[in-house]
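# Coordinate analysis (summary)
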Amino acid sequence: MKINVINPLTKESLYDIEPIQEKELEEVYDKAKSIQKKIASLSVKDRAKEIVKISDYLIDHHKTICDRVVSETGKTTFEALSNELFGICDTIDYYRDQAEKILKPQKVHTSLVLMGKKSRIEFDPMGTVLIIAPWNYPLIQCFVPSILAFLAGNAVVYKPSEITPLKGLYEEILDGAGFMKDAIQIVYGGKDTGAALIEQKPDKIHFTGSTRAGKQIMEAASKNLIPVDLELGGKDPAIVFEDVNIEKTANGLVWAAFTNAGQSCTSIERCYVHESIFDEMTEKVVAITKKLRLANPDCENCEADVGCMTAEFQLKKVEEQLKDAVGRGAKVHCGGTKVEGSMIIPPTVVTEVTNDMDLITEETFGPILPLIKFSTEKEVIEMANDSEYGLSASVWSKDLKRADRVTASLKVGNVSINNHMLT
Ligand code: NAD
């Protein structure tokens, strides 16, 4: 079945994608298998030279590439450039210099019972890596994992989201850059295509997306014992202590809650503020938020700070969570209702929320920032850890000893201090 792709800002229909047929899937994997031998035969240094071609191309063609990303995601041009393009180029710069060191064989200590023997760890390619991506960062979610898999000697099969497939753009970048042919192959389609790609038994799966789909993918992968990386949802807490610089911190919170219209796995979804500065911080956050310029469906090229929601189903979810919270006493300070006839939800700051609201327990993935009061360090650690999620978090304080202590108590994968979303 054809899938129609739209521009979420203008609602214009852009094109259809046709999911790949099973016979073609086999051909994709055959090609991957054969090119992988060539990739593995290259030195890591030569593979590193190959990936630089991609960043060179991205820099030279950033304008047209950003325009394509904007037209399918509804994010702002600045977000496409800073969050996606710069992110890829920065990763390439880093691994260009570090890959050889990271992948070289490592000497390891041999235990006493193996006296007289020597041990080392070697990093071998796995084979074909299947990468399945979501719609919120379609460019970086393709190139960062693909480049890392390639550097480690693997061939890549990449399936973008059916909501933002950027049809033809990946191929244009790879071909235009003169990147090794077929080392990264693109396969279009929805979740059935994703499932069919897993049936073909890749040697490894790197999945980024919802927790719901992550569970299905882990189950499908387990049938053939395929190793999986799962990068799933989040409900990130930010903890703000009483000694922070109000203005600076408020700017940081607003950015981390509303960049990409809140559609970031590690955006701030719960912000705990010390009671002694709660009113002042709320006032400042609301004042900064109200100044943000919204995207305009009638003027695609007008400058904006906040874009629109990318997917209709996500917009409905955000609206439902907000409606439920307001119905149960939450107070909306700004934003709160969709711009009529559009997919734009103005950045929304909410207080008077409780821990039994979906807005506080479920991933929202939209431009909503709930502010919650706390009084003691112990209490706020408990509140932050009281979640099914544990992707990332942030702690804001001038007292770096306290920040380190709180950081160590948070049950999350990654914590930033006096910043957010650094991964
Ligand atoms: P999604 O899980 O619906 O889809 C993600 C991808 O998986 C799509 O390409 C989809 O076609 C495919 N897919 C879905 N079900 C599948 C199945 N059963 N088998 C194979 N493929 C399947 O997620 P989404 O709505 O596109 O993205 C939003 C989610 O992604 C949010 O939960 C967000 O937090 C998460 N995310 C996480 C990170 C991270 O690094 N942790 C980064 C970005 C987004």
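Structure shown above.
The text that follows walks through the structure, step by step, so that each part is easy to find. (Residues numbered from 1 in each chain as written. Predicted model: local features only at pLDDT ≥ 70, side-chain atom pairs only at ≥ 80, totals over all residues. Heavy atoms only, no water.)

### What to know about the site of the ligand
The immediate surroundings of the ligand are formed by 30 residues, with Ala133, Glu162, Ser210, Gln216 and Glu363 found nearest. Within the side chain of glutamine 216, a nitrogen or oxygen atom sits 2.7 Å from a nitrogen atom of the ligand. Measuring from an oxygen atom of the ligand, one finds a side-chain N or O atom of glutamate 363 at 2.6 Å. For the ligand, whose free accessible area comes to 860 Å², the fraction covered by protein is 92%. Looking at the shell around the ligand, the elements with two or more residues in it are helix H7 (191-199), strand E8 (204-208) and helix H8 (211-222). Looking at the shell around the ligand, the element that brings in the most residues is H8, giving four residues. Class assignment for the residues of the shell around the ligand results in 14 nonpolar, 10 polar and six charged. (Near = heavy atom within 4 Å. Polar contact = N/O pair within 3.5 Å; in protein donor to acceptor, adjacent residues only side chain to side chain. Areas by Shrake-Rupley, 256 points an atom, 1.4 Å probe, with all protein chains shown as cover. Helix = DSSP H or I, 4+ residues; strand = E, 2+ residues; numbered from the N terminus. Nonpolar A, V, L, I, M, F, W, Y, C, P; charged D, E, K, R; others polar.)

### Some details on the pattern of salt bridges
In this structure the tally under the stated criterion is 21 salt bridges. In this structure, aspartate 229 engages lysine 204 in a salt bridge whose closest nitrogen and oxygen atoms are separated by 3.1 Å. In this pair, aspartate 229 sits in strand E9 (residues 228-231) while lysine 204 sits in strand E8, placing the two residues 25 residues apart along the sequence. The shortest N-O distance in the salt bridge between arginine 405 and glutamate 377 comes to 2.7 Å. Here the residue arginine 405 occupies a position in helix H14 (residues 400-409), and glutamate 377 occupies one in helix H13 (residues 377-385), the gap between them amounting to 28 residues. Through salt bridges with shared partners, a single network forms among Asp93, Arg96 and Asp97. (Salt bridge = Lys/Arg side-chain N within 4 Å of Asp/Glu carboxyl O.)

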